[in-house]
Amino acid sequence: MIIADEAAMHRLGVQIADGLRAGNLVTLSGTLGAGKTVLAKAIISALGFEGDVSSPTFAIIHQYDEAGMRIPVVHADLYRLDDPEDLNELGLFDDDRAVLLIEWPEKGGAQLLQPDLAIEILPLAGGARQVTIKDKRK
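This structure is a prediction, so every number in the text was calculated from the model and none was measured. Counting restarts for each chain, with residues numbered from 1 along the sequence as it is written. Local features in this predicted model are restricted to residues whose pLDDT is 70 or higher, and side-chain atom pairs enter the listing and the counts only when it is 80 or higher, whereas totals over whole chains, interfaces and linings include all residues. To get the side-chain values, take all heavy atoms of the structure and skip hydrogens and water.

Participant: Quick question: what am I supposed to make of the pattern of salt bridges here?
Facilitator: Side chains bearing opposite charge may pair, as long as their charged atoms lie close to each other. For this document, the term salt bridge refers to a Lys or Arg side-chain nitrogen within 4 Å of an Asp or Glu carboxyl oxygen. As enumerated under the stated definition, the model contains one salt bridge in all. Where Asp65 meets Arg97, a salt bridge forms, and the shortest distance between an N and an O atom there is 2.7 Å. Linking Asp65 in the loop between β3 (61–64) and β4 (73–77) with Arg97 in the loop between α3 (86–90) and β5 (99–103), this pair joins segments that are 32 residues apart in sequence. Counting from the N terminus, the helices are DSSP H or I runs at least four residues long and the strands are E runs at least two residues long.

Participant: How should helix α2 (residues 36–46) be read in this particular structure?
Facilitator: For an α-helix, the turn length of 3.6 residues means that residues three or four places apart are oriented alike. Buried residues are those whose accessible area, probed at 1.4 Å on protein chains only, stays under 20% of the maximum for their type, while exposed residues exceed 50% and partly exposed ones sit between those limits. Restricting attention to buried positions, one finds in α2 the residues Lys36, Thr37, Leu39, Ala40, Ala42, Ile43 and Ile44. Contacts are assigned to residue pairs with any non-hydrogen atoms lying within 4.5 Å of each other. In this structure, the buried residues of α2 make contact with α1 (6–18), β2 (25–29), β3, β4, β5 and β6 (117–123). Just downstream of α2 lies Gly48, where phi reads positive at about 110°.

Participant: Please explain the sheet that holds β4 as it appears in this structure.
Facilitator: In sheet architecture, strand pairing relies on hydrogen bonds along the backbone and comes in two forms, parallel and antiparallel. In this description, strands pair whenever DSSP reports at least two bridges between them. Spatially, β1-β7-β6-β2-β5-β4-β3 is the arrangement adopted by the seven strands of the open sheet, whose pairing is mixed. Each edge of the open sheet is held by one strand with a lone partner, namely β1 (2–3) and β3. The pairing of β1 with strand β7 (residues 129–135) spans two bridges and is antiparallel. Pairing of Ile2 across the sheet is with Gln130, part of β7. Seen against the sheet, α2 touches β2, β3, β4, β5 and β6 and runs at an angle of roughly 165° to β5. Only C-alpha atoms enter the line fits that serve as axes; for helices the fit covers just the stretch in contact. Angles between N-to-C directions range over 0 to 180 degrees.

Participant: I keep staring at unusual backbone geometry and nothing clicks. Help me out?
Facilitator: If a residue is not glycine, its phi is most likely negative; likewise, a peptide bond is most likely trans. Backbone geometry places Trp104, a non-glycine residue, at a positive phi of 60°. Tracing the backbone shows Trp104 in the loop between β5 and β6. By relative accessible area, Trp104 is classed as buried at 14%.

What follows is the structure, encoded as structure tokens:
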């Protein structure tokens, strides 16, 4: 599907959030600046988080679990991850009540090969994005 702008990406995030359940693994792939974090922010907000959502590029993991959220979220950005074995030390898979959103999943190795939703975002001319979603929950 073609996403024309950031507002459309936000609407897509709301639609995705509506179908998520505790324990779902969602991967977000694409180049730098493709819109992975924009989509993650939309999903997290749609699940009920009312604060600021920032990219976890340097912290690697941000957790969102506040009263009023439909499902807690663990948001990870693996861009700076040197070794997939480090995922176990980070506690990435510790909260089975949460949705796990992972940017740069290819850095996570074999542990991330079976996401429930695999989303790829490709920038197009004029600021639009092509978004491909593979849903393995069915």
